[in-house]
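One-letter residues, chain by chain:
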Amino acid sequence: MIGVVRSPGAPKALLESTAEDRYRYPEVVRRLIEDFGGKCYICEINPLQDPEVEHLRPHKNGTIPGRKFDWNNLFLACRHCNGVKNQPKYEGRVLDCCVRDPEELLDQGLSENSVCVRPLVENDEEAAGTAKLIEEVFTSSKPPLREHAAQVRLDGLQERMNLLYRAIQTLRSKPQDPMARRNLRAMLRKEAAFAGFTRCAVRKMLPRHPELGEFMQ
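Rules used throughout
Residues numbered from 1 in each chain as written. Predicted model: local features only at pLDDT ≥ 70, side-chain atom pairs only at ≥ 80, totals over all residues. Heavy atoms only, no water. Helix = DSSP H or I, 4+ residues; strand = E, 2+ residues; numbered from the N terminus. Rg over C-alpha atoms; globule rule 2.2 N^0.38 Å. Buried < 20%, exposed > 50% of the residue type's maximum accessible area, 1.4 Å probe, protein only. Contact = heavy atoms within 4.5 Å. Axes fitted to C-alpha atoms, helices over the stretch in contact; angles between N-to-C directions. Parallel < 35°, antiparallel > 145°, perpendicular 65-115°, else oblique. Nonpolar A, V, L, I, M, F, W, Y, C, P; charged D, E, K, R; others polar. Phe/Tyr/Trp six-rings, centres within 6.5 Å; stacked < 30°, edge-to-face > 60°. 1 Å grid on protein atoms, 1.4 Å probe; cavity = no way out; pocket = protein on both sides within 12 Å on 5 of 7 lines; lining within 4 Å. Points joined across faces, edges and corners; volume = space filled by probe spheres on them. Salt bridge = Lys/Arg side-chain N within 4 Å of Asp/Glu carboxyl O. Pairing = 2+ DSSP bridges.

**Remarks on the overall build of the chain**
Then step 1. Counting secondary structure elements, the chain contains 9 helices and 4 strands.
Then step 2. Ordered by position from the N terminus, the helices and strands of the chain form the series α-α-β-α-β-α-α-β-β-α-α-α-α.
Then step 3. Relative to the globule expectation of 17 Å for 217 residues, the C-alpha radius of gyration of the chain, 18 Å, shows essentially globular dimensions.
Then step 4. Principal axes of the C-alpha set define a box for the chain whose edges measure 60 × 35 × 35 Å.
Then step 5. A total of 217 residues make up the chain; the buried ones form 47% of that total.
Then step 6. Here the analysis covers contacts within the chain between residues at least 6 apart in sequence; of these, 65% occur between residues at least 24 apart.

**Focus: the packing of helix α6 (residues 125-139) against helix α7 (residues 144-173)**
Then step 1. Following both chains from N to C, one finds α6 and α7 inclined at 100°, their axes separated by 6 Å at the closest point. On the basis of the axis angle, α6 is roughly perpendicular to α7. Judged by residue contacts, V137, F138 and T139 of α6 engage A150, R153, L154 and L157 from α7.
Then step 2. When grouped by side-chain class, the residues that make up the contact of α6 with α7 number 5 nonpolar, 1 polar and 1 charged.

**A word on the packing of aromatic side chains**
Then step 1. A complete count under the given rule lists 6 aromatic pairs for this structure.
Then step 2. Judged by centre distance (6.4 Å) and plane angle (50°), the rings of Y23 and F69 are tilted. Pair noted here: Y23 is in the loop between α1 (12-16) and α2 (26-35) and F69 is in the loop between α3 (65-68) and β2 (74-78), with a separation of 46 residues, a long-range link.
Then step 3. A residue is classified by how much of its surface remains accessible, and Y23, at 6% relative accessible area, is buried.
Then step 4. Between F138 and F194, the ring centres sit 6.3 Å apart and the planes meet at 50°, which makes this aromatic pair tilted. Separated by 56 residues along the polypeptide, F138 in helix α6 and F194 in the loop between α8 (178-187) and α9 (195-205) bring together distant segments of the chain.
Then step 5. Taken together through their ring pairs, the aromatic side chains of F36, Y41 and F75 make up a single cluster.

**Quick word on the layout of surface pockets**
Then step 1. Considered as a void within the structure, the largest pocket measures approximately 550 Å³ in volume.
Then step 2. Lining the largest pocket are 20 residues, with E54, H55, H59, N82 and N86 positioned closest to its centre.
Then step 3. Breaking the lining of the largest pocket down by element, the ones donating at least two residues are β1 (51-55) and α4 (79-85).
Then step 4. Counting residues per element, the lining of the largest pocket draws most heavily on β1, which supplies 5 residues.
Then step 5. Its residues assigned to classes, the lining of the largest pocket shows 8 nonpolar, 6 polar and 6 charged.
Then step 6. Considered as a void within the structure, the second largest pocket measures approximately 320 Å³ in volume.

**A look at the pattern of salt bridges**
Then step 1. Applying the stated criterion across every chain yields a total of 17 salt bridges.
Then step 2. A salt bridge links D70 to R57; the nearest nitrogen and oxygen atoms lie 3.3 Å apart. Residue D70 is found in the loop between α3 and β2, and its partner R57 is found in the loop between β1 and α3; the two are separated by 13 residues along the sequence.
Then step 3. Here R57 falls in the partly exposed class, since its relative accessible area comes to 37%.
Then step 4. One network of salt bridges, in which partners are shared, links E103, K190, R199 and R203.

**Examining the pairing of strand β3 (residues 106-111)**
Then step 1. Sheet topology note: the β3/strand β4 (residues 114-119) ladder contains 6 bridges and is antiparallel. When the sheet's bridge partners are listed, Q108 is paired in β4 with V117.
Then step 2. Where β3 folds back on β4, the antiparallel hairpin that results is connected by 2 residues, among which E112 adopts a positive phi of roughly 50°.

Shown next, in the form of structure tokens:
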């Protein structure tokens, strides 16, 4: 998960329409895609093949309309993550990445092909819940279709981390290599796939390799 800057002001569709599905209107979806960089805010898969408008705080089948149509409560997610998050254990325990910066609250890593996310702040229920949610979307085993979706995301993360380390290795041997510099900068953009993981990995390298700091801008 990565911090997102939400564009101010709710889309007109949310303000002017009375339709029950207005939070899915094209204007709303377009704004969410732009704000969230076209990727799922939970797993960060990009490109996003099956986008859904996700409610950070559940609207309980429309019984809490203030949540259902609240612009600040709408997030861009993939179908897989939306399904995993829709469990009582995550209610009220997921970070609003438009308000609180996950990079300051979560350590997101991949170790021996296993996703490991831990909260950086003690007794922070939102950080702890988000850490568990991110781990689950990469490791779900039931039902079978969810297991497949989790594996697809894990494979994508593994590939992205391998690309990151290769780009860094190339840069160390050829500090001015233009392609390596472009690749590294692209992978560390907040809009990039799995940026929460790649940026966390590079932050841990900065004490020994401060020259990588320029690519974190």
